[in-house]
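So you can see what is in the structure, the chains are spelled out below.
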Amino acid sequence: MVVRTSAARAAGSLGLLALMAGAASAQSITVTRPNLQLADEPVSATLNGTTITNLGLQGVGRLPATTRDFLGDTLGSFSALAVDLASWRRVGDTYTGTLYTLPDRGYNNPDGGIFTDYAGRLNRFRLTFTPEPGASLPQSTASQRQITLTPDGGIVLTEALGRRFSGFDPGTGTLTQLGAILPSAATGPSAGRVSLDAEGLARRLDGSFYVSDEYGANVYYFNANGQLQGVLGVPEALRPRTNGQLNFNSLNPPDTGRRNNQGFEALSLTPDGRSLVTILQSAPLQDSTANQQTRANTRILVYDIAANPVPSAPVREYVLQLPVYRDNGNGQAANRTAAQSEMIALNDTQFLVLARDSNGLGTGNTTPIVFKSVLLVDIAQATNIAGSTFDTTTTPAAPGGVLRPDIRPVQATEVVNLLNPVQLGRFGMNLNTNPATQTTLSEKFEALGLVPVLSERAPNDYFLLVGNDNDFLTRQGSINGQSYDAGINNDSVLLAYLLTLPTYVDPLSLAVMKQTAPTVLQGLGGATLGFAASSTRGVQDHLSALRRGAGGAGAWAGQGWGLWVSGDFVFADQPRNGGLALDRTIAQGTVGLDLPFTGPWRAGIAVGGGGGSLSRPGGFAQEHSAVTVSAYAGYYGSDFYAQGIVGGAPDVGLDRIRRPGAYGLTASGRTDGSAVALDGEVGVPVQADRLRLTPFAGITHLSGRVDGFTETGAAGNNIAYRGLTVLQTTARFGAEAAFSGFGDLIPSIRVAYNLATGPQGSSAAVRLASVQNSLASAVLAVPFLRDDFVTAGAGLQGSLTEQLGWRVDYQAAIGLRSGVAHGVTAGLRYQW
């Protein structure tokens, strides 16, 4: 169970001498001693008005270093990870989902010239997580039990020609594919295949994905089956060149461009799926010197992928100043850059970025761990250098490692400090490096993921998953059937922190909102229009019966006062809903009074009331009820008539609204609405023996208003609706035939073509209710009367006595592309 404390107090960090990137000055975070956080309580950080609270470590998972993947190779753990959000579910206090992880280039030792013909792949796991925030467990690998990962296959990456990628260093070799020059070993078993050192993973909701690469500083786009579809364009300033030529090797440093093994390490999609963001692991060579602490000025690239998934250049580019630190933590001047290793886009301007030192389990030395933190980065006020001379190799953005004064870097502040010995200790882990143990924090944490807590009380709470890259280090390794001994077992570890993220836009919640909100609004708007129509429909049928009985005898002759009642039942009503595939019912009862006028004039008033329901496959449902009022008047001569009706429903109750939300949750709500109807009709009766044929023309205007409301029950994907106004205007042209000579019985048929002359839709503003970011808002089109439709019906009326008459009418509304609605009305009239 997730436990939240009532306070969110900031705790100090030892050795954090300067944390100035979030302030007006633009300097890197500087750490000279181990950046330890000793508080086991919530810690908050604020940047540009956004406050993020770290509620602490909630659980840890571990896979033994000897684990094999779906191809039988040693599992290379988490250079990047991505949760299939559609699979994420909560049952009680336990969460489950599907996790994809990205290994890099296989077991290697560049210093010794050891590389592996390792096929690029995604590993898939079934993840189960039961948070244990109150844990107090012994120092043991068995204590990291809160997260379990069960191997469940994977995806092999293939290039455009269907061949597998290789982890081999390409040397000076290249090949051209999909219009891009790519790294490829010229000789050896992988000759002619693309060399890949995969580091970043960004998975789209449709299953396709992007992978970033360190050999080329490339970003590749794959379909859901793992086949390469395209390569994004990279600024020349970042491409590795030696003597002016592209050179993708990872052993001999180039003259300009990305540093060896410091390519695009981070990759993320913005929550709306319209932009792809990647970050170079540290500064390009021309923006630094041989001193490692000058590598801080790295680049953030933002690509617009809304229309083209493989754009040729970034549309935005910024400088991120990474933290710098003292490698041995002895308090002397900083001599290293904490290279970034992964990122998550919270929205379109704020990112979480993981920056770290290179100390911990796996290094083989006793140097203390100094810095491993997740930063909040904000690009909103930074200088966009995309397409400038800084994207060439001739103009450095940071000559000698010092950022030019005319470039404003992004702002950053620390939000999650992994170096918390108190919290790690509760889960049986430690920061000891002299000597390191199997439960010492690993050297390379390189993977981030966010999944929602799914708490109605805390809709902005998310679990931050932080995974390590174990570099395939195991005493019992195997790649392509070849065994190896790395001299150490470095397990795969996954940490889970609980964060409150008020500005994070959850991608699945956003997508589901855009997909389902129009359906909800169509239903609500259709209900108000349905009540507007029902306020006139019973009156129309009553007046038609009076016209058919005029000049005759009995209760429908229309003489004197008349009291009438009508029952009205409508099923479906797709034409008015814009073809929405749903079941809707409205049952309405009406009572009216005909007022006596001299000659061919007639008038009256009516009051009705009723309700109904709506349902649609997938979990949509609504209930609706209203009281309607109407007034009518007209001229009814023997050879001409004209009538008008004014009606409406001043208060429409829209209750038990249900919407299928993301993550298997159901959102519910209620609201109110109102409706108005205006209807006019003229006709020319022509009598021919027992047949009365009446051509007619009419117009109907309906308007409805749905009040704004906010859902409950779906945690972070509840929607706030601002309200909806809908209008429909139709003109009708048709004819009615009535037959006499059957005693008191008068059968009739009526056919009309209804021409949509007014608006065919509306728009509404919606947003994820708990999110404090404009990216969580959308203005959505809501279709209603999409096209013309035909109405056809039949009626039968008669008299029980000279004063009491009855009638029954049926009408179908047949949309040309939008389904059929059925309506039945029945009524009695008593005259005196």
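Residues numbered from 1 in each chain as written. Predicted model: local features only at pLDDT ≥ 70, side-chain atom pairs only at ≥ 80, totals over all residues. Heavy atoms only, no water.

**Let's talk about the domain arrangement of the chain**
The extent of an interface is frequently quoted as the accessible surface area lost upon association of the parts.
Part 1 of the reasoning: When the domains of the chain are assigned, the result is domain 1 (72-504) and domain 2 (510-831).
Part 2 of the reasoning: Just the C-alpha atoms count here: the centres of domain 1 and domain 2 sit 59 Å apart.
Part 3 of the reasoning: Every contact between the two is made by 17 residues of domain 1 and, on the other side, 17 residues of domain 2.
Part 4 of the reasoning: Summed over the shared surface of domain 1 and domain 2, the number is 6 residue pairs in polar contact (both at pLDDT 80 or more).
Part 5 of the reasoning: Taken together, the residues of the side of domain 1 that touches domain 2 sort by class into 9 nonpolar, 4 polar and 4 charged. (Domains from an automatic or database assignment. Contact = heavy atoms within 4.5 Å. Polar contact = N/O pair within 3.5 Å; in protein donor to acceptor, adjacent residues only side chain to side chain. Nonpolar A, V, L, I, M, F, W, Y, C, P; charged D, E, K, R; others polar.)

**Quick look at the confidence of the model for the chain**
Part 1 of the reasoning: The pLDDT averaged across the chain works out to 92; a share of 94% of its residues lies at or above 70.
Part 2 of the reasoning: Low pLDDT, under 50, characterises residues 1-26; the predicted model gives this stretch 74 contacts beyond four residues in sequence or across chains. (pLDDT = per-residue confidence, 0-100.)

**Quick notes on unusual backbone geometry**
Part 1 of the reasoning: Asn434 connects to Pro435 through a cis peptide bond whose omega is 0 degrees.
Part 2 of the reasoning: With respect to the element layout, Pro435 can be found in the loop between α1 (421-426) and β27 (445-452).
Part 3 of the reasoning: Phi angles above zero are rare outside glycine, and Asn261 is one such case at about 60 degrees.
Part 4 of the reasoning: Tracing the chain through its elements places Asn261 in the loop between β16 (245-246) and β17 (264-269).
Part 5 of the reasoning: For Asn261, a relative accessible area of 24% gives the class partly exposed.
Part 6 of the reasoning: Unusually for a residue other than glycine, Phe472 sits at a positive phi of about 60 degrees.
Part 7 of the reasoning: Within the secondary structure layout, Phe472 lies in the loop between β28 (461-468) and β29 (477-479).
Part 8 of the reasoning: Of the residues examined, Phe472 reaches a relative accessible area of 1% and is grouped as buried. (Helix = DSSP H or I, 4+ residues; strand = E, 2+ residues; numbered from the N terminus. Buried < 20%, exposed > 50% of the residue type's maximum accessible area, 1.4 Å probe, protein only.)

**Details of a nonpolar patch on the surface**
Part 1 of the reasoning: On the surface, a cluster of nonpolar side chains totalling about 980 Å² of accessible area is made up of Trp561, Leu563, Val565, Val591, Val607, Val627, Val629, Leu800, Leu828, Tyr830 and Trp832.
Part 2 of the reasoning: Contributions of two or more residues to the nonpolar patch are made by β32 (562-571), β35 (620-636) and β46 (820-831).
Part 3 of the reasoning: Note that Val627 resides in strand β35. (Patch = residues over 30% accessible without salt bridge, like charges linked within 9 Å, V, L, I, M, F, W, Y side chains within 5 Å. Areas by Shrake-Rupley, 256 points an atom, 1.4 Å probe, with all protein chains shown as cover. Salt bridge = Lys/Arg side-chain N within 4 Å of Asp/Glu carboxyl O.)

**Quick word on the sheet that holds strand β20 (residues 316-321)**
Part 1 of the reasoning: With antiparallel pairing, 4 strands are arranged side by side in an open sheet as β17-β18-β19-β20. Edge positions in the sheet fall to β17 and β20, since each of these pairs with one other strand and no more. Taken pair by pair, the neighbouring strands of this sheet meet at an average axis angle of 20 degrees, ignoring direction.
Part 2 of the reasoning: In this structure, β17 lies alongside strand β18 (residues 275-280), joined through 5 bridges in antiparallel fashion. In the strand pairing of β18, Leu267 is matched with Thr278. (Pairing = 2+ DSSP bridges. Axes fitted to C-alpha atoms, helices over the stretch in contact; angles between N-to-C directions.)

**As for the sheet that holds strand β11 (residues 198-203)**
Part 1 of the reasoning: Here 4 strands make up an open sheet; going across it, the order is β11-β12-β13-β14 and the pairing antiparallel. Each edge of the open sheet is held by one strand with a lone partner, namely β11 and β14 (228-231). For this sheet, the mean angle separating the axes of adjacent strands, direction not counted, is 25 degrees.

**Focus: the packing of aromatic side chains**
Part 1 of the reasoning: Going through the model one piece at a time under the given rule, you end up with 19 aromatic pairs.
Part 2 of the reasoning: On the numbers, 5.1 Å between centres and 75 degrees between planes, the contact of Tyr118 with Phe472 is edge-to-face. Of the two residues, Tyr118 is situated in the loop between β6 (94-102) and β7 (121-129) and Phe472 in the loop between β28 and β29; the sequence distance between them amounts to 354 residues.
Part 3 of the reasoning: Of the residues examined, Tyr118 reaches a relative accessible area of 1% and is grouped as buried.
Part 4 of the reasoning: In this structure an aromatic cluster arises from ring pairing among Trp88, Tyr95, Phe129 and Phe463.
Part 5 of the reasoning: Arg750 extends its terminal NZ or CZ atom over the ring of Phe696, reaching a point 3.9 Å from the ring centre. (Phe/Tyr/Trp six-rings, centres within 6.5 Å; stacked < 30°, edge-to-face > 60°. Lys NZ or Arg CZ within 6 Å of the ring centre and 35° of its normal.)

**Details of the environment of Ala642**
Part 1 of the reasoning: Structurally, Ala642 is set in strand β36 (residues 641-660).
Part 2 of the reasoning: Owing to a relative accessible area of 22%, Ala642 belongs among the partly exposed residues under this scheme.
Part 3 of the reasoning: Sequence separation between Ala642 and Gly680 is 38 residues; the distance between their C-alpha atoms is 7.5 Å.
Part 4 of the reasoning: Dropping the residues within four chain positions of it, Ala642 is found in contact with Ala633, Gly634, Tyr635, Glu681 and Val682.

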